[in-house]
Amino acid sequence: MEYQKIFTEILKKMDDYKDSGSPASYIPELRDVDPDKFGVHLITNTNQNYSLGDSEEKFSIQSISKVLSLVMAYKLEDEDLWKRVGVEPSGTPFNSLVQLEYDQGIPRNPFINAGALVICDVLVEHLENPKEEFLHFVRTLSGNSSLEYCSRIAESEKLTSYRNASLINLMKDLGNIRNDIDTVLDFYFNLCSIEMTCSELARTFLFLASYGKDPITNEKFLSSSKSKRINAVMQLCGFYDEAGEFSFKVGLPGKSGVGGGIVAILPNQYSIAVWSPRLNKKGNSSKGMKFLELFTSETESSIF
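Note that the structure is predicted; figures quoted are calculated from it, not measured.

A. Representation of the overall build of the chain in the model. A tally of regular secondary structure across the chain gives 13 helices and seven strands. In terms of C-alpha radius of gyration, the chain reaches 18 Å, essentially the compact-globule figure of 19 Å for 304 residues. With the C-alpha coordinates aligned to their principal axes, the bounding extent of the chain is approximately 55 × 40 × 35 Å. When the 304 residues of the chain are sorted by exposure, 58% land in the buried category. Sequence separation of at least 24 residues holds for 68% of the intrachain contacts in the chain that already meet a minimum separation of 6.

B. Spatial organisation of the pattern of salt bridges. If you walk through the whole model with that rule in mind, you get 16 salt bridges. Between Glu 29 and Arg 152 there is a salt bridge whose closest N-O contact spans 2.6 Å. Of this pair, Glu 29 sits in helix H2 (residues 28-31) while Arg 152 is found in helix H7 (residues 151-159), placing the two residues 123 residues apart along the sequence. For the salt bridge of Arg 139 with Glu 148, the shortest nitrogen-to-oxygen distance reads 2.8 Å. Arg 139 sits in the partly exposed class, given a relative accessible area of 23%. Residue class for Glu 148 comes out partly exposed when judged on its relative accessible area of 45%. If you follow the salt bridges from partner to partner, you end up with Arg 84, Asp 121, Glu 125 and Arg 178 in one network.

C. Focus on the pairing of strand S7 (residues 270-275). Of all the six residues making up S7, six are buried; the element is thus mostly covered by neighbouring parts of the structure. The alternating pattern of S7 places Tyr 270, Ile 272 and Val 274 on one face and Ser 271, Ala 273 and Trp 275 on the opposite face, and all of these are buried. Relative to S7, strand S1 (residues 39-44) is paired through six bridges, and the arrangement is antiparallel. In the strand pairing of S7, Ile 43 is matched with Ser 271. In terms of strand pairing, strand S6 (residues 261-266) meets S7 through six bridges, oriented antiparallel. By the bridge assignment, Ala 264 is partnered in S7 with Ile 272. Counting the residues that bridge the hairpin from S6 to S7 gives three residues, and of these Asn 268 lies at a positive phi of roughly 70°.

D. Spatial organisation of the nonpolar core. Phe 134, Leu 201 and Phe 205 are the most contacted members of the largest nonpolar core, which has 66 residues in total. At nine residues, helix H5 (residues 113-126) tops the list of elements feeding residues into this core. Ignoring any residue separated from it by four or fewer positions in sequence, one finds Phe 134 in contact with Ser 65, Leu 68, Ser 69, Met 72, Tyr 149, Phe 187, Leu 191 and Ile 194. Within the second largest apolar cluster, 25 residues are counted, among which are Ile 10, Val 40, Phe 246 and Val 250.

E. Highlighting the sheet that holds strand S2 (residues 49-53). What the five strands build is an open sheet, ordered S2-S1-S7-S6-S5; its pairing is antiparallel. Pairing within the sheet leaves two strands with one partner each, and these edge strands are S2 and strand S5 (254-256). For this sheet the average axis-to-axis angle between neighbouring strands, irrespective of direction, equals 5°. Across five bridges, S1 lies against S2 in antiparallel orientation. Paired with Leu 42 across the two strands is Tyr 50, which belongs to S2.

F. Summary view of the packing of helix H3 (residues 65-77) against helix H6 (residues 130-142). Between H3 and H6, the least distance of the axes is 11 Å, while the angle of their chain directions is 110°. The angle between H3 and H6 places the two elements in the roughly perpendicular class. Side by side, H3 and H6 meet where Ser 65, Leu 68, Ser 69, Val 71 and Met 72 of the first sit next to Glu 133, Phe 134, Phe 137, Val 138 and Leu 141 of the second. Of the residues assigned to the contact of H3 with H6, the class counts are seven nonpolar, two polar and one charged.

G. Spotlight on H3. For H3, with 13 residues, the first-to-last C-alpha span of 19 Å sits near the 18 Å given by 1.5 Å per residue. In terms of burial, H3 is a largely internal element, 11 of the 13 residues being buried. Regarding H3, the residues found buried are Ser 65, Lys 66, Val 67, Leu 68, Ser 69, Leu 70, Val 71, Met 72, Ala 73, Tyr 74 and Glu 77. Turning to H3, the residues buried within the fold contact H5, H6, helix H9 (181-193), helix H10 (198-204), helix H11 (224-237) and S5.

H. Representation of the packing of H5 against H9 within the structure. Across the interface, H5 lies against H9 with an axial gap of 9 Å and an inter-helix angle of 110°. Overall, the two elements H5 and H9 adopt an arrangement that is roughly perpendicular. When the axes of H5 and H9 are compared, the crossing they make is right-handed. Of H9, the residues touching H5 (which contributes Asn 113, Ala 116, Leu 117, Cys 120, Asp 121, Leu 123 and Val 124) are Thr 183, Val 184, Leu 185, Phe 187, Tyr 188 and Leu 191. Each residue belonging to the contact of H5 with H9 can be placed in one class, and the counts come to 10 nonpolar, two polar and one charged.

What counts and what doesn't
- Residues numbered from 1 in each chain as written.
- Predicted model: local features only at pLDDT ≥ 70, side-chain atom pairs only at ≥ 80, totals over all residues.
- Heavy atoms only, no water.
- Helix = DSSP H or I, 4+ residues; strand = E, 2+ residues; numbered from the N terminus.
- Rg over C-alpha atoms; globule rule 2.2 N^0.38 Å.
- Buried < 20%, exposed > 50% of the residue type's maximum accessible area, 1.4 Å probe, protein only.
- Contact = heavy atoms within 4.5 Å.
- Salt bridge = Lys/Arg side-chain N within 4 Å of Asp/Glu carboxyl O.
- Pairing = 2+ DSSP bridges.
- Core = buried A, V, L, I, M, F, W, Y, C linked by side-chain atoms within 4.5 Å.
- Axes fitted to C-alpha atoms, helices over the stretch in contact; angles between N-to-C directions.
- Parallel < 35°, antiparallel > 145°, perpendicular 65-115°, else oblique.
- Nonpolar A, V, L, I, M, F, W, Y, C, P; charged D, E, K, R; others polar.
- Expected span 1.5 Å × (residues − 1).
- Left-handed = near helix turned anticlockwise from the far one by under 90°.

Laid out in structure tokens, this is it:
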């Protein structure tokens, strides 16, 4: 497949694309990112790499990191994990309090904010040094030992964390948070603050395109059964209440972040990361989603 040529042709087709979105304004450190940045990187299971645009510029991966924390928690708790968090699409905004109260403190899935906070609580409970161990895991997956949390972004999120504080306090009251609230929130803000390039992000998720095993190093990070389930949750819940739209138009398991990043995988073939900071009303990169829609249509490479 001539991915490099296809990238160029798709971007040319998008010359007239009107991107009316804007960067996330509720997190001060994300608000001032250049909205016209665009990058894409694809890595195949045979370690072939294809890039275009700003693919080597770092950006905040935000909620994309929730997939990686879920992987760690699932390995630690096995099927018991699903007693505390569901696997259903939310159908409501990612920071909804109403649904959480209705469901008695059990988040619909691990990718909405409440669900990710429960996952962080699980890791705080099991790990001696949660932040250090999680960062080591991400560094191992990416093959980049220099990846770091961004204290500037983490602090920026902390200063505007009223809704997340409400979610975690409600779950604490309902018995689904077991550890100190401030400790769990600090871990959550830090894991969302990690910055990566498109190439680093695509490389990090390659193990999920190969049933839990890194096809380049042959290191097994997750069983094939658990990997299948992580991909299923990405397919159903990876784009908040726009997951159906992403499945309908793109047809790949994936995850978005309000930093403008999207990562998606095609089992047995590739991992692809796209970055464009302008977000639509649902909090997903509008240009990134459009690019991936055209890409899977052109390559006939969705899972459907």
